[in-house]
Amino acid sequence: GTPSRYWLESELASFGVTEQPSAENADAVFDAIGQRLAEPQFRPRALLQRYGIDVLATTDDPCSDLSAHAALAAVAGLAARVIPTFRPDRYLDPAAPGWLEGIGALTDASGHDATSYPGYLDALRARRRYFIEHGATATDHGVADAGSEPLEPADAHRLHGAALAGTITADEAVAYRRNMLFEMARMSTEDGLVMQLHPGILRNHDRATFERFGADTGHDLPLATGFTEPLRPLLEQFGNDPRFRIVLFTVDETAFSRDIAPLAGYYPAVFIGAPWWFLDAPDAIGRFRSAAVETAGFSKMAGFVDDTRAFCSIPARHDMSRRSDAAFLARLVVEHRMSQHDAVATIENLVVHQPRRVFTRTVA
Amino acid sequence: GTPSRYWLESELASFGVTEQPSAENADAVFDAIGQRLAEPQFRPRALLQRYGIDVLATTDDPCSDLSAHAALAAVAGLAARVIPTFRPDRYLDPAAPGWLEGIGALTDASGHDATSYPGYLDALRARRRYFIEHGATATDHGVADAGSEPLEPADAHRLHGAALAGTITADEAVAYRRNMLFEMARMSTEDGLVMQLHPGILRNHDRATFERFGADTGHDLPLATGFTEPLRPLLEQFGNDPRFRIVLFTVDETAFSRDIAPLAGYYPAVFIGAPWWFLDAPDAIGRFRSAAVETAGFSKMAGFVDDTRAFCSIPARHDMSRRSDAAFLARLVVEHRMSQHDAVATIENLVVHQPRRVFTRTVA
Amino acid sequence: GTPSRYWLESELASFGVTEQPSAENADAVFDAIGQRLAEPQFRPRALLQRYGIDVLATTDDPCSDLSAHAALAAVAGLAARVIPTFRPDRYLDPAAPGWLEGIGALTDASGHDATSYPGYLDALRARRRYFIEHGATATDHGVADAGSEPLEPADAHRLHGAALAGTITADEAVAYRRNMLFEMARMSTEDGLVMQLHPGILRNHDRATFERFGADTGHDLPLATGFTEPLRPLLEQFGNDPRFRIVLFTVDETAFSRDIAPLAGYYPAVFIGAPWWFLDAPDAIGRFRSAAVETAGFSKMAGFVDDTRAFCSIPARHDMSRRSDAAFLARLVVEHRMSQHDAVATIENLVVHQPRRVFTRTVA
């Protein structure tokens with residue numbers, strides 16, 4: 001009896017389950033799904049094809065050898081390209097668990113000595129290049145805040161050393177992380193990887209559950225998030241650069257009309273990410289459109305990104321998003337704010353062309 | 001000519017006034033209401049019955065002897081139970097006017113010497129128990145912010161002494177108050193009183209009016225309010241405890257989709273309070289539903305709480321809330337996001353069952 | 001294909017262009033508009049009349065001699081009054097470029113020696129009086145934040161001297177600016193100029209573009225903005241004064257239901273400015289109404305202010321605003337929250353009477 005019923009039913013229907021799930025029929029529904037999953041037409045590669053997926057992007061550790069991607073790329077007749085995305089969070093934040101080990105791993109994977117700051121930058125550059133060779137078109141950055149103030153090179157050297165020695169302070173670690181966000185933008189202007197940024201999550205809110213079950217167990221929670229001030233250093237430097245493109249995501253929906261749409265309306269490099277995570281639902285998507293489009297227009301939308309861990313939910317979620325967009329456009333037509341002809345062209349753009357264009361590397 | 005007309009008319013109709021009030025008929029309307037109030041069927045106890053009120057909860061000073069509640073409980077044939085709620089704000093905040101006097105009053109009322117910190121905690125425990133014996137099921141906490149960081153016992157002792165001596169600093173008083181919010185949650189796990197929290201009000205904005213007319217004269221105003229970070233210590237400790245239940249209220253509506261719904265979606269103990277005070281109106285209630293339900297579901301809603309000081313407004317406000325909920329559910333049905341059968345079950349739950357369940361003590 | 005089409009078409013239609021603009025017909029449309037602008041009935045004064053504009057207020061430098069206004073006032077048969085507005089931002093903020101030169105200009109324009117703090121206040125008073133003599137009814141203040149804490153006179157003297165000597169610190173300059181906002185409110189109680197306040201813009205976000213093309217080139221961007229706490233000193237002092245009126249504007253729409261409507265609901269002096277700049281569009285205006293009216297009522301609305309730099313857009317924007325208001329009121333009628341009779345009276349008030357009333361000086 002919750003509004004997510006709508007998706008759930010779409011997903012269940014794709015497994016041939018049409019009755020409403022309940023405590024009474026739970027076992028039968030579970031068994032029915034299990035039977036289906038054992039059938040050849042429900043194997044992952046068959047579903048890739050049935051779902052009409054052209055490209056599926058994973059997020060990957062910068063030191064991954066991407067062998068799974070290589071193997072998939074070698075499969076004859078695979079319906080979709082499955083490409084990696086460069087997700088370097090823990091390599092950029094000395095306060096993150098595993099940063100020190102990451103320096104060793106980066107050195108090993110890249111052949112550059114990441115214990116020096118220039119070697120560390122070179123190692124990251126090399127790994128980005130490796131990802132590009134395996135099909136990557138984008139990077140992905142989950143950060144506590146969107147701070148992007150660059151450090152003077154001497155300070156960056158010094159903090160890199162302090163981080164290695166374990167003597168970096170909490171404030172210095174924040175300054176280091178923000179500098180590295182700036183450096184990632186600079187590297188994007190060099191290699192053309194599209195930058196995705198999603199700040200404003202308090203990770204592992206429930207420490208006891210984190211200690212018992214680990215990360216990503218449901219208690220990452222939104223924080224009030226600003227973009228206008230913290231992203232200023234990065235956007236002043238790269239926001240007008242034709243080789244740079246950044247897609248901004250938020251789970252604080254107040255940022256859509258106040259920060260993100262005005263930034264996208266001004267800076268050519270800024271695109272607006274789909275409402276995501278907690279906001280990835282029909283009403284929230286409607287509020288997003290209403291808050292963002294009047295300032296930034298449809299042409300700065302990056303298109304729907306479902307960010308799912310549940311493969312089978314992909315069609316239902318994209319279907320929901322498209323219906324929601326169609327409803328928004330239909331209202332504009334009914335209110336005489338857009339012609340039906342333009343509305344049809346717009347939704348085709350939003351669904352078909354725009355995401356392809358936005359997530360294409362900016363330099364060859 | 002304002003949207004509140006709708007309620008006003010409901011209230012007036014309950015007094016048999018059907019014409020639109022205006023400058024011209026003001027005296028006549030006033031007299032008509034006065035006549036009605038003198039009739040036996042408009043006495044408070046008669047209205048309790050006519051309004052179909054089962055339970056009415058007041059908020060009370062922790063040192064109150066609750067004699068009025070005892071007297072009402074002894075009335076034969078009273079339609080409703082009128083129960084107290086434990087509202088200890090000024091006893092928990094050394095910066096609040098009257099804190100020092102409160103220590104004396106607590107000592108007198110409880111028989112525990114509240115001038116020591118352990119005695120103070122025992123006194124609060126005893127008064128909570130006294131409230132429970134008089135029917136209380138909940139506590140109510142209006143705080144400047146939702147900070148809940150516990151103090152080390154030695155620090156709490158020290159600050160308690162400093163507060164008694166009048167030497168506590170402003171920062172220490174804040175730390176003390178936040179520690180006491182944590183302690184209130186701990187006591188709730190012991191005695192099962194449901195905790196209601198409503199932070200984010202700047203009290204007595206207009207100092208001159210406050211000095212002339214006193215508190216609660218219309219100039220308590222909302223502040224930007226967060227829950228995710230400040231409530232973390234309290235929720236980490238008690239948010240998964242089956243003996244704990246907390247209902248979160250806000251007048252900063254941005255907190256619904258960003259803080260409150262995500263917290264309620266994760267922590268079993270967290271329930272979502274009704275839009276309240278400035279947000280207790282049809283459009284605001286609609287925005288609240290849209291912002292909270294997609295993340296937290298209907299099952300984490302605490303139900304409508306009207307928080308009125310005007311007894312006769314109760315039916316009109318509950319009626320408004322129910323119509324607003326019905327309109328929200330009707331939209332979900334029309335959009336094929338919910339079956340009509342489920343919508344009917346949901347509104348019955350929201351109005352009839354959920355509030356009873358949420359405001360029942362968690363331990364017997 | 002964006003929602004702004006609606007306005008665009010209204011504007012184009014006023015030039016006799018009815019076809020949809022496109023890359024193909026751009027030159028022809030441009031030429032058609034150019035031809036029209038050369039016709040006598042499209043000269044500015046003819047348009048003033050055709051647009052039915054009664055009063056048009058410009059914003060002006062406090063040291064302007066307002067000779068253009070004087071010249072216009074002397075034109076026989078001009079359809080509209082064109083009045084100045086006192087906009088003193090750079091004279092009140094020692095951190096603003098040109099503050100020091102402004103002191104000299106103030107001295108020259110007013111005959112008061114603005115190098116002393118009392119002379120500076122007298123100079124501002126004299127210039128406000130000069131503006132009033134040229135028809136001004138209001139002041140206009142764009143500030144980084146709404147802080148309004150007054151300084152002790154000795155501190156104000158000292159900071160004025162430090163600002164002149166170039167030794168004022170950044171924090172002191174902020175304190176000085178906030179004190180001057182307070183002083184502007186005090187002067188409004190003396191001379192009756194209506195105060196307009198619009199805080200929360202980060203000016204010149206893109207430094208490189210600012211250095212190349214100057215200010216007001218599209219990269220002034222919104223910040224999270226509060227009013228309740230920062231305006232408290234000013235409103236405590238003047239908010240109940242019948243000689244004072246302040247209109248609050250925001251581009252952070254979260255402030256409507258949290259700060260501005262509650263302040264307007266309490267303080268007689270506070271009125272609610274129209275959604276403006278980034279929020280000056282149909283959906284945003286609808287959200288504004290929904291967020292503000294239930295708390296503050298229609299009677300605290302200042303009416304639509306289009307703040308345009310494009311003269312020819314005035315009719316289209318006012319038309320859009322009125323349609324949007326009509327749609328809002330129509331919904332209230334359909335939902336039985338307002339009678340049709342009241343709705344008609346309300347929109348007449350919002351469009352015709354209220355703006356005239358709100359922007360009339362409070363003292364003669």
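All residue numbers here refer to positions counted from 1 along the written sequence of the relevant chain. Starting at A for chains and at 1 for ligands, labels are handed out in the order in which the entities are written. In keeping with the model being predicted, local features are shown solely for residues with a pLDDT of at least 70 and side-chain atom pairs are shown and tallied solely at 80 or more, while totals for entire chains, interfaces and linings include all residues. Side-chain metrics rest on all non-hydrogen atoms present in the structure, leaving aside hydrogens and water.

Glancing now at the overall build of chain A. The secondary structure listing takes helices from DSSP runs of H or I that are at least 4 residues long and strands from runs of E that are at least 2 residues long, numbered from the N terminus. Each helix and strand in chain A was counted, giving 15 helices and eight strands. Compactness check: chain A gives a C-alpha radius of gyration of 22 Å against a globular reference of 21 Å for 364 residues, within 12% of the reference. Projected onto the principal axes, the alpha-carbon positions of chain A cover approximately 65 × 50 × 45 Å. Accessible area is worked out with a 1.4 Å probe on protein chains only. A residue is then buried under 20% of its type maximum, exposed over 50%, and partly exposed in between. In chain A, which comprises 364 residues, the proportion classed as buried is 52%. Summarising the internal contacts of chain A: among those between residues at least 6 apart in sequence, 72% fall at separations of at least 24. Accessible surface area values rest on a Shrake-Rupley calculation with a 1.4 Å probe, where residue burial reflects the displayed protein chains alone. Carbon and sulfur atoms form 54% of the exposed surface of chain A, whose accessible area is close to 15500 Å². When charges are counted, Lys and Arg are positive and Asp and Glu negative, with His and the chain ends excluded. Where a charge lies is defined by one atom per residue type, namely NZ (Lys), CZ (Arg), CG (Asp) and CD (Glu). Distance from the positive charge centre (35 side chains) to the negative charge centre (48 side chains) of chain A: 4 Å. As a reference, a globule follows 2.2 Å times the number of residues to the power 0.38, and the radius of gyration itself is taken over C-alpha atoms. Any pair of residues with heavy atoms lying within 4.5 Å of one another is described as a contacting pair.

In this section: the relation of the copies chain A and chain B. Rotating chain A by 120° about the axis while translating it 0.1 Å along that axis superimposes it on chain B, leaving an RMSD of 0.1 Å. Taken together, the rotation and translation describe the operation of a three-fold axis. Residue A:T254 of chain A places its C-alpha closer to the rotation axis than any other residue of that unit, at 4.0 Å. Each copy is superposed on the other by least squares, with the fit set by C-alpha atoms of residues at a pLDDT of at least 70 in both.

Attention shifts here to the interface of chain C and chain A. Across the contact, 31 residues belong to chain C and 27 residues belong to chain A. Accessible surface is computed with a 1.4 Å probe, and the buried area is the amount of it that two parts give up when combined, taken over both parts together. Overall, the association of chain C and chain A removes approximately 2400 Å² of surface from exposure, summing both partners, and the carbon and sulfur fraction of that is 52%. Between C:D283 and A:R331 there is a salt bridge whose closest N-O contact spans 2.6 Å. Definition of a polar contact: a pair of N or O atoms within 3.5 Å, with one able to donate and the other able to accept a hydrogen when the atoms are protein atoms, and with sequence-neighbouring residues admitted only if both atoms are side-chain atoms. Counting the contacts that link chain C with chain A gives 18 residue pairs in polar contact (both at pLDDT 80 or more). Where the side of chain C that touches chain A is concerned, the elements lending two or more residues are α1 (5–14), α10 (207–213), β6 (221–222) and α13 (282–296) of chain C. Take the side of chain C that touches chain A: its biggest share by element is four residues, from α13(C). Classifying every residue of the side of chain C that touches chain A by side-chain character gives 13 nonpolar, ten polar and eight charged. Put simply, a salt bridge is a Lys or Arg side-chain nitrogen that is within 4 Å of an Asp or Glu carboxyl oxygen. Gly falls in the polar group here, along with every residue not listed as nonpolar (Ala, Val, Leu, Ile, Met, Phe, Trp, Tyr, Cys, Pro) or charged (Asp, Glu, Lys, Arg).

So, on to the pattern of salt bridges. Opposite charge on two side chains makes pairing possible when the charged atoms of those side chains draw close. Tallying each qualifying case throughout the model produces 81 salt bridges over all chains. Put simply, B:R128 and B:D191 hold a salt bridge, and the shortest N to O gap is 2.7 Å. Of the two residues, B:R128 sits in helix α7 (residues 117–133) while B:D191 sits in helix α9 (residues 170–191), which places them 63 residues apart along the sequence. This pair shows no difference in class: B:R128 is buried, exactly as B:D191 is. Residues joined by salt bridges that share partners form a network here, namely A:D283, B:E294, B:R331, B:E335 and B:R337.

Residue and element names in this part refer to chain B. We treat two strands as partners when DSSP finds at least two bridges between them. Sheet architecture is open: four strands sit in the order β3-β4-β7-β8, paired in parallel fashion. Of all the strands in the sheet, the pair left with one neighbour each is β3 (138–143) and β8 (270–272). The average undirected angle you get between the axes of adjacent strands in this sheet is 25°. Where strand β4 (residues 194–199) meets strand β7 (residues 246–248), three bridges bridge the pair, whose relative direction is parallel. Paired with L197 across the strands is L248, a residue of β7. Fitted lines through C-alpha atoms give the axes, limited to the stretch in contact for helices. The angle between two N-to-C directions lies from 0 to 180 degrees.

Moving on: the sheet that holds strand β7 (residues 246–248) of chain A. All names here are of chain A. Strand order in the open sheet made by the four strands is β3-β4-β7-β8, with parallel pairing throughout. Bordering the open sheet on either side are β3 (138–143) and β8 (270–272), each of which pairs with just one other strand. Here the average twist between neighbouring strands, direction ignored, is 25°. The sheet contact formed by β3 and strand β4 (residues 194–199) spans six bridges and is parallel. Directly across from T139, in β4, lies its bridge partner M195.

A separate point is the interface of chain A and chain B. At the junction of the two partners, chain A supplies 31 residues and chain B supplies 27 residues. When chain A packs against chain B, close to 2400 Å² is buried across both sides, 52% of that on carbon and sulfur atoms. Across the contact surface, chain A and chain B share four salt bridges. The salt bridge partner of B:R258 is A:D252, with a shortest N-O separation of 3.4 Å. The tally of links from chain A across to chain B stands at 18 residue pairs in polar contact (both at pLDDT 80 or more). Mapped onto the side of chain A that touches chain B, the elements with two or more residues apiece are α1 (5–14), α10 (207–213), β6 (221–222) and α13 (282–296) of chain A. With four residues, the single largest contributor to the side of chain A that touches chain B is α13(A). Tallied by class, the residues present in the side of chain A that touches chain B amount to 13 nonpolar, ten polar and eight charged.

All names here are of chain A. Between the rings of Phe, Tyr and Trp (Trp by its six-membered ring), a pair exists once the centres lie within 6.5 Å; its type follows the angle of the planes, with under 30 degrees stacked, over 60 edge-to-face, and the other angles tilted. One pass over the full model with this rule turns up 42 aromatic pairs over all chains. When the ring of W277 is compared with that of F278, the centres are 5.2 Å apart and the planes differ by 10°; the resulting orientation is stacked. Residue W277 is classed as partly exposed on the basis of its relative accessible area of 31%. Here F278 falls in the buried class, since its relative accessible area comes to 16%. Through successive ring pairs, a cluster of aromatic residues spans W99, Y117, Y120 and Y176.

Two numbers describe how α13(A) lies on α13(C): the axes approach to 8 Å, and their chain directions differ by 130°. Comparing their axes, α13(C) and α13(A) come out oblique. Across from A:S290, A:A291 and A:E294 in α13(A), the residues of α13(C) making contact are C:P282, C:D283, C:A284 and C:R287. The class makeup of the residues in the contact of α13(A) with α13(C) is three nonpolar, one polar and three charged. What sets the label is the angle itself: under 35 degrees gives roughly parallel, over 145 gives roughly antiparallel, 65 to 115 gives roughly perpendicular, and the rest give oblique.

This part is about the side chain of C:H205. Topologically, C:H205 is positioned in the loop between β5 (201–202) and α10. In this view, C:H205 contacts A:T228, A:R232, A:L235, A:E236, A:L263, A:Y267, C:H219 and C:L221; residues no more than four positions away in its chain are not counted.

We now examine helix α6 (residues 99–110) of chain C. Residue and element names in this part refer to chain C. Between the first and last residue of a helix there are one fewer steps than residues, each counted as 1.5 Å, and that sum is the expected span. Taking 1.5 Å as the rise per residue, α6 with twelve residues should run 16 Å; its terminal C-alpha atoms sit 16 Å apart, in good agreement. Residues of α6 that are buried: W99, G102, I103, L106 and S110. For α6, the angular spread of the buried residues around the axis is 105°, confining them to a single face. Residues of α6 that are exposed and point over 90 degrees away from its buried face: E101 and D108. Where the residues of α6 are buried, they touch α5 (89–92), α7 (117–133), α8 (153–165) and α9 (170–191). Looking at the residues trailing α6, positive phi occurs at G111, about 80°. In this description, one arc is meant: the one made by directions from the helix axis to the C-beta atoms.

Before going further, it helps to spend a moment on unusual backbone geometry. Residues and elements named next belong to chain A. Positive phi is not limited to glycine here, since N204 has a value of about 55°. Examined against the element boundaries, N204 turns out to sit in the loop between β5 (201–202) and α10. Judged by its relative accessible area of 18%, N204 is buried. Unusually for a residue other than glycine, D216 sits at a positive phi of about 60°. In this structure, D216 sits in the loop between α10 and β6.

Here we come to the side chain of A:R258. Structurally, A:R258 is set in helix α12 (residues 254–266). By relative accessible area, which is 6% here, A:R258 ends up buried. At a separation of 2.9 Å, a polar atom in the side chain of A:R258 contacts the side chain of A:D259. The contacts of A:R258, once residues within four sequence positions are left out, are A:T225, A:T228, A:D252, C:P222, C:L223, C:A224, C:V251, C:D252 and C:T254.

Residue and element names in this part refer to chain C. In the contact formed by helix α14 (residues 314–334) and helix α15 (residues 340–358), the axes pass within 10 Å of each other and the chain directions differ by 155°. Our classification of the angle between α14 and α15 gives roughly antiparallel. When the axes of α14 and α15 are compared, the crossing they make is right-handed. From α14, R322, D325, A326, L329 and V333 reach across to α15, where they touch Q340, A343, T346, I347, L350 and V351. In the contact of α14 with α15, the residues fall into seven nonpolar, two polar and two charged. Crossings are sorted by hand: turned counterclockwise from the far helix by less than a right angle, the near helix makes the crossing left-handed, and turned clockwise it makes it right-handed.

Attention shifts here to the confidence of the model for chain A. pLDDT is a per-residue confidence score from the predictor, ranging from 0 to 100. Predicted confidence across chain A gives a mean pLDDT of 93, with 97% of residues reaching 70 or more. In this model, residues 1–5 of chain A is a region of pLDDT below 50 whose contacts with residues beyond four sequence positions or in other chains number 13 contacts.

The next point concerns the environment of B:I132. By the element assignment, B:I132 lies in helix α7. For the pair B:I132 and B:D191, spaced 59 residues apart in sequence, the C-alpha separation works out to 8.5 Å.

The subject of this paragraph is the pairing of β3(A). Of all six residues in β3(A), six are buried; the element is thus mostly enclosed. Residues A:A138, A:D140 and A:G142 point to one face of β3(A) and A:T139, A:H141 and A:V143 to the other, with burial holding for every one of them.

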